[in-house]
2 protein chains.
Amino acid sequence: MTTSKLAFLLAKRAQDAASVLAQLPSVKKIKILRDVARRMRGSVKFMLAANRRDVETAKKHDLPPAMFDRLSLNESRIQAMAKAVDDVAVLPDPIGVCQKRWTRPNGLKLERVTVPLGVILIIFESRPNVSSECASLCLKSGNSVILRGGKEAFHSNRAIAGIYQSVYEKHGVSKAACQAVSTTDRKLVSELLKQDDLINLVIPRGGEGLIRTVASESRIPVIKHYKGICHVFIDKNADLEQAVQIVINAKCQRPSVCNAIETLLVHRAVAGRALPAVCSALEEEGCELRGDAETRRIVGKSVSPASEEDWRTEYLDKILSIRIVKDIDTAIDHIRKYGSAHTDAIVSKDVRAIQKFVQQVDSSSVMVNASTRFSDGNEYGFGAEMGISTDKIHARGPMGLEGLTSYKYIVRGKGHIRK
Amino acid sequence: MTTSKLAFLLAKRAQDAASVLAQLPSVKKIKILRDVARRMRGSVKFMLAANRRDVETAKKHDLPPAMFDRLSLNESRIQAMAKAVDDVAVLPDPIGVCQKRWTRPNGLKLERVTVPLGVILIIFESRPNVSSECASLCLKSGNSVILRGGKEAFHSNRAIAGIYQSVYEKHGVSKAACQAVSTTDRKLVSELLKQDDLINLVIPRGGEGLIRTVASESRIPVIKHYKGICHVFIDKNADLEQAVQIVINAKCQRPSVCNAIETLLVHRAVAGRALPAVCSALEEEGCELRGDAETRRIVGKSVSPASEEDWRTEYLDKILSIRIVKDIDTAIDHIRKYGSAHTDAIVSKDVRAIQKFVQQVDSSSVMVNASTRFSDGNEYGFGAEMGISTDKIHARGPMGLEGLTSYKYIVRGKGHIRK
């Protein structure tokens, strides 16, 4: 079979399964997901064996330690994965929800009711638990999913998808509702990205390179964020103790993720008091600092000079650039110019400054006196996360079940005709 | 200047204007739109003169009469256009609306608040009032708009955009909030479609050819519908008098538009009673009929044979294909297979049949005992319409102000950091 034919068949099977999933009653979806969680708990050995094959291949290829950590499963990670499925199971059903209901002067009664999107293609790297997160969210929202994980996690992903499929079959749902795609054939992804009549949405999760390739190739709408250049702005009326805690957390708790900050902006009026405390705390955490001239005058030579390029860089590492700004407007301008519209925070006690920041910073999440690290589907209470969007179309910010729905209008008349 | 540089500048200016529009208070937007309406009423002569130039050029090019009618302005059409602007002015402001508000167990307070999309590019054919509809909806929703109308309406569109621009300037809003683009340079559209960093959404309105070209070229998300293959299904328990009225209205009131029907499906149990009445009424309206063998046995030779191709055809004319189906499931299958997910109607008195149809027909609008012709932003009460979407991403069905918004999350803490 040609790759293009294979892509068509995969997508067509997914679409056929989707029309059944769209009609599944809530109770049945809960039962299926609970059964998946139970099956996972009973399949620990099987999953560990599959994962071991991936880990052994990875060892041969000298993967970096961080990648190893993301790839490896153990019993407690599998238990956590099963619990996450149980958590998704009991979330409110996002499908069939009447979002609005109104009556027109002519007596027509309108309703807007949520429906599934149809078929979701998710393309991701390394972490095998992404398979399960996405599969559970898609089932709950009545969508078919095609999982295309990284090749380093191939056996792990296949084992997880296999658990979903065997439970689906037991409940009379087609296995095509959750298909894991071979990772050896790169051309298959390109062919899948052409199936815009069958696949409704693509979500690439991974590095900027992967996302750019998918976005440029795809004929299907893509939900994405290229990078997270997030900021904390310490306003002149900030609680400085809070500011230190928030900056440390936002930079150092997990520097490799998209909602960690890359640049700290400090109001000139408090720079002299704030920066020494912030910088020494950052240095204690092993964080490299790069600052503008004024920052270096205040903090000293442990801060290396920041270039224009630094303001545009997502370090994904323990490096922070620092700039002193003369007022909040300059901070907002900096964020507009260099930010990625992902997540930006203000630390301030001044209600008017907060209001201005919140209104004028055009990012998917704006934090007030809280760490940017909270920008996350789980932290927002969405149960799990399909991805994060910095675009403004369809879904923005952390995307949970609601982002996996569309709607239809139902219009009821009594023989109404248009004049 | 190169075309690519020109496209960049147009889009960049639109984006700069958008950041101001996003902050405009509701009261100011109302004032501006009312002023636009007033200015239109005072510019009837100016607008008619501009339109006359287009009409005269069109005469030279022998445009078909239907095109003439769409292109021509007269005083009452201009008055209607001005009234439509006044109507949009007083719609509720779609921006800054808190859609949700919740508190997490850790005390973080979240809000989801609507924001404008940014810059909208609209590409349309002939009717000059589309310029004004789109410009008013975009101002009301805080978006910049780039209008690219058909070349046959060039002077009319420029006059309308000029009225918006001069009112904007009077109110201190940049003219770049509403730009009408020259239509002589085809390459400019291609270059605009590459500005995905500056333009947030493209809406092509016109024939299928235009829409397919835009969708295949664009790097920017597109809201679209390729065609409207809409159906009426007459169920076995239909009120037959209603059925006749609805079919006539849905087919003949304005056959050239996307929410007119192309195919009539009739339940076998009522075909013998329903079809003769329906068909004679259609023939009285001058409608050509094409049917399956059973339809022809019932109605006679005035119905020509329908081929497989007919089920897939959007006639946009007074032609209707007719098929008799053995049950509601076959009707639903037909609509799934041949329909365009635009608008489909059931005529029935049976609550269970209605429920089944409404749930299983996966179209953007599903009508119950009402004509498909109601599938329209004005008829739904949206004030005006930016377009109709048969995709499931972002906006579906008739798209009004709400489809021109996105949202952001605002998260308020008290020094919250993530553990």
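Throughout this description, residue numbers start from 1 for each chain and increase along the sequence as written. Chains carry letters and ligands carry numbers; both start at the beginning, A for chains and 1 for ligands, and go up in the order they are written. Local features in this predicted model are restricted to residues of pLDDT 70 or higher, and side-chain atom pairs are both shown and tallied only at a pLDDT of 80 or more, whereas totals for entire chains, interfaces and linings draw on every residue.

Draft legend 1. Main features of the pairing of strand β13 (residues 365-370) of chain B. Residues and elements named next belong to chain B. Three exposure classes are used, based on other C-beta atoms lying within 10 Å of a residue's own C-beta, which is placed from the backbone: buried for 20 or more, exposed for 12 or fewer, and partly exposed in between. Note on conventions: DSSP H or I runs of at least 4 residues are helices, E runs of at least 2 residues are strands, and numbering of each starts at the N terminus. With six of its six residues buried, β13 lies for the most part within the structure. Two strands are said to pair when DSSP picks up at least two bridges between them. Where strand β12 (residues 343-347) and β13 come together, four bridges link them in parallel fashion. Among the inter-strand pairings, Asp 344 is bridged to a residue of β13, identified as Val 366.

Draft legend 2. Just the domain arrangement of chain A, in detail. Boundary definitions for the domains trace back to an automatic or database domain assignment. When its domains are assigned, chain A resolves into domain 1 (3-223 + 392-411) and domain 2 (230-374). Distance from the C-alpha centre of domain 1 of chain A to the C-alpha centre of domain 2 of chain A: 35 Å.

Draft legend 3. The relation of the copies chain B and chain A, seen in detail. Only residues with pLDDT of at least 70 in both copies contribute their C-alpha atoms to the least-squares superposition of the copies. Rotating chain B by 180 degrees about the axis while translating it 0.0 Å along that axis superimposes it on chain A, leaving an RMSD of 0.0 Å. The relationship between the two copies is best expressed as a two-fold rotation axis. In terms of proximity to the rotation axis, the leading residue of chain B is His 394 of chain B, whose C-alpha is 1.8 Å off the axis. Here the contact rule is simple: place C-beta atoms from the backbone, and any two residues whose C-beta atoms are within 7 Å are in contact. Most of the interface of chain B is mirrored in chain A, where 100% of its interface residues again form contacts.

Draft legend 4. Focus on the sheet that holds strand β4 (residues 144-148) of chain B. Residues and elements named next belong to chain B. Taken in spatial order, the four strands of this open sheet run β5-β4-β3-β6, and their pairing is parallel. Because the sheet does not close on itself, it has two edges, and the strands there are β5 (178-180) and β6 (201-205). Neighbour-to-neighbour, the strand axes of the sheet open up by a mean angle of 15 degrees, direction not taken into account. Bridge analysis of β4 against β5 gives three bridges, and the strand direction is parallel. Residue pairing across strands places Leu 147 opposite Ala 180, the latter belonging to β5. Axis definition: a line fit to C-alpha positions, over the contact stretch in the case of helices; interaxial angles, taken between N-to-C directions, run 0 to 180 degrees. In the packing of helix α7 (residues 154-170) onto the sheet, contacts are made with β4 and β5, and the angle to β5 comes to roughly 155 degrees.

Draft legend 5. Looking closely at the sheet that holds β13 of chain B. Pairing in this open sheet of 10 strands is mixed, and the strands run β1(A)-β2(A)-β16(A)-β13(B)-β12(B)-β7(B)-β8(B)-β11(B)-β9(B)-β10(B) from one edge to the other. Every other strand in the sheet has two partners, leaving β1 (98-103) of chain A together with β10 (304-305) of chain B as the edge strands with one partner each. Relative to β10 of chain B, strand β9 (residues 288-291) of chain B runs parallel, the two being bridged by two bridges. Bridge assignment links Gly 291 of chain B to a residue of β10 of chain B, and that residue is Pro 305 of chain B. Seen against the sheet, helix α10 (residues 240-252) of chain B touches β16 (405-416) of chain A together with β7 (230-234), β8 (261-267), β11 (319-325), β12 and β13 of chain B and runs at an angle of roughly 165 degrees to β12 of chain B.

Draft legend 6. Local environment of helix α3 (residues 44-60) of chain B. All names here are of chain B. For a helix, the expected span equals 1.5 Å multiplied by the number of residues minus one. End to end, α3 covers 24 Å across 17 residues, agreeing with the expected 24 Å (1.5 Å per residue, within 8%). Listed in full, the buried residues belonging to α3 are Met 47, Ala 50, Asn 51 and Asp 54. What you see down the axis of α3 is that its buried residues fit within an arc of 95 degrees, all on one side. The exposed set on the far side of α3, more than 90 degrees from its buried face, consists of Lys 45, Glu 56, Lys 59 and Lys 60. Along the arc lie the directions from the helix axis toward the C-beta atoms.

Draft legend 7. Representation of the nonpolar core. To define a nonpolar core, we join buried Ala, Val, Leu, Ile, Met, Phe, Trp, Tyr and Cys residues through C-beta atoms within 7 Å and take the resulting set. By size, the foremost hydrophobic cluster in this structure holds 158 residues, and its most contacted members are Val 85, Ile 120 and Val 202 of chain A together with Val 85, Ile 120 and Val 202 of chain B. With near-sequence residues (within four places) excluded, Ile 120 of chain A lies in contact with Cys 138, Asn 143, Val 145, Asn 200, Leu 201, Ile 203 and Leu 404 of chain A.

Draft legend 8. Representation of the environment of Lys 5 of chain A. Here Lys 5 of chain A shows up in helix α1 (residues 3-21). Expressed as a C-alpha distance, the spacing of Lys 5 of chain A and Glu 191 of chain A, which sit 186 residues apart in the sequence, is 8.7 Å.

Draft legend 9. Seen up close, the interface of chain B and chain A. In this complex, chain B contributes 52 residues to the contact, which on the side of chain A involves 52 residues. Those elements that provide at least two residues to the side of chain B that touches chain A are β2 (109-116), α10, α15 (351-360), β13 and β16 (405-416) of chain B. Sort the elements by how many residues they give to the side of chain B that touches chain A and β16 of chain B lands first, with 11 residues. Residues are grouped as follows: Ala, Val, Leu, Ile, Met, Phe, Trp, Tyr, Cys and Pro are nonpolar; Asp, Glu, Lys and Arg are charged; every other residue, Gly included, is polar. Taken together, the residues of the side of chain B that touches chain A sort by class into 21 nonpolar, 21 polar and 10 charged.

Draft legend 10. Just the environment of Asp 62 of chain B, in detail. Within the secondary structure layout, Asp 62 of chain B lies in the loop between α3 and α4 (65-71). Taking the C-alpha atoms as reference points, Asp 62 of chain B and Lys 170 of chain B, separated by 108 residues in sequence, lie 40 Å from one another.

Draft legend 11. The arrangement of the pairing of β9 of chain B in detail. All names here are of chain B. Here β9 runs beside β11; their pairing, made up of four bridges, is parallel. Across the sheet, residue Gly 291 finds its bridge partner in β11, namely Ile 322. Crossover connection from β9 via helix α12 (residues 293-299) to parallel β10: handedness right-handed. If you view a crossover with the strands going away from you and the path from the first strand over the helix to the second runs clockwise, you call it right-handed.

Draft legend 12. Local environment of the packing of helix α10 (residues 240-252) of chain A against helix α11 (residues 268-284) of chain A. Residue and element names in this part refer to chain A. Interaxial distance between α10 and α11 falls to 10 Å at its minimum, and their mutual angle equals 40 degrees. With respect to α11, the element α10 is oriented oblique. Seen along the crossing, α10 lies across α11 with a hand that is right-handed. Contacts between α10 and α11 involve Leu 240, Ala 243, Val 244, Val 247, Ile 248 and Lys 251 on the former and, on the latter, Val 270, Arg 273, Ala 274, Ala 277, Val 278, Ala 281 and Leu 282. The residue inventory of the contact of α10 with α11, partitioned by class, reads 11 nonpolar, no polar and two charged. Orientation categories follow fixed angle ranges, with anything under 35 degrees roughly parallel, anything over 145 roughly antiparallel, 65 to 115 roughly perpendicular, and all other angles oblique. If you view the pair so one helix is near and one far, a crossing is left-handed when the near helix is turned anticlockwise from the far one by less than a right angle, and right-handed when it is turned clockwise.

Draft legend 13. A look at the packing of helix α2 (residues 26-41) of chain B against helix α6 (residues 129-140) of chain B. All names here are of chain B. Packing of α2 against α6 leaves a shortest axis separation of 10 Å and a crossing angle of 160 degrees. As far as their axial angle goes, α6 and α2 are roughly antiparallel. Crossing hand, α2 versus α6: right-handed. Contacts between α2 and α6 involve Lys 29, Ile 32 and Leu 33 on the former and, on the latter, Ser 136, Leu 139 and Lys 140.

Draft legend 14. Examining the confidence of the model for chain A more closely. Residue-level confidence of the predictor is what pLDDT reports, using numbers from 0 through 100. For chain A, per-residue confidence averages 95 on the pLDDT scale, and residues scoring 70 or more make up 100% of the total. Reported for the predicted complex are a pTM of 0.94 and an ipTM of 0.94.

Draft legend 15. Up close: unusual backbone geometry. Positive phi outside glycine occurs at Ala 341 of chain A, with the angle close to 60 degrees. Residue position: Ala 341 of chain A is located in the loop between α14 (328-338) and β12 (343-347). Exposure remark for Ala 341 of chain A: the 23 C-beta atoms within 10 Å place this residue in the buried category. In this structure, Asn 369 of chain B takes a positive phi of about 50 degrees despite not being glycine. Mapped onto the elements of the fold, Asn 369 of chain B is located in strand β13.

Draft legend 16. Structural context of the environment of Lys 60 of chain A. Residue and element names in this part refer to chain A. For Lys 60, the position within the fold is in helix α3 (residues 44-60). A count of 7 C-beta atoms within 10 Å places Lys 60 in the exposed class. For the pair Lys 60 and Met 367, spaced 307 residues apart in sequence, the C-alpha to C-alpha distance is 43 Å.

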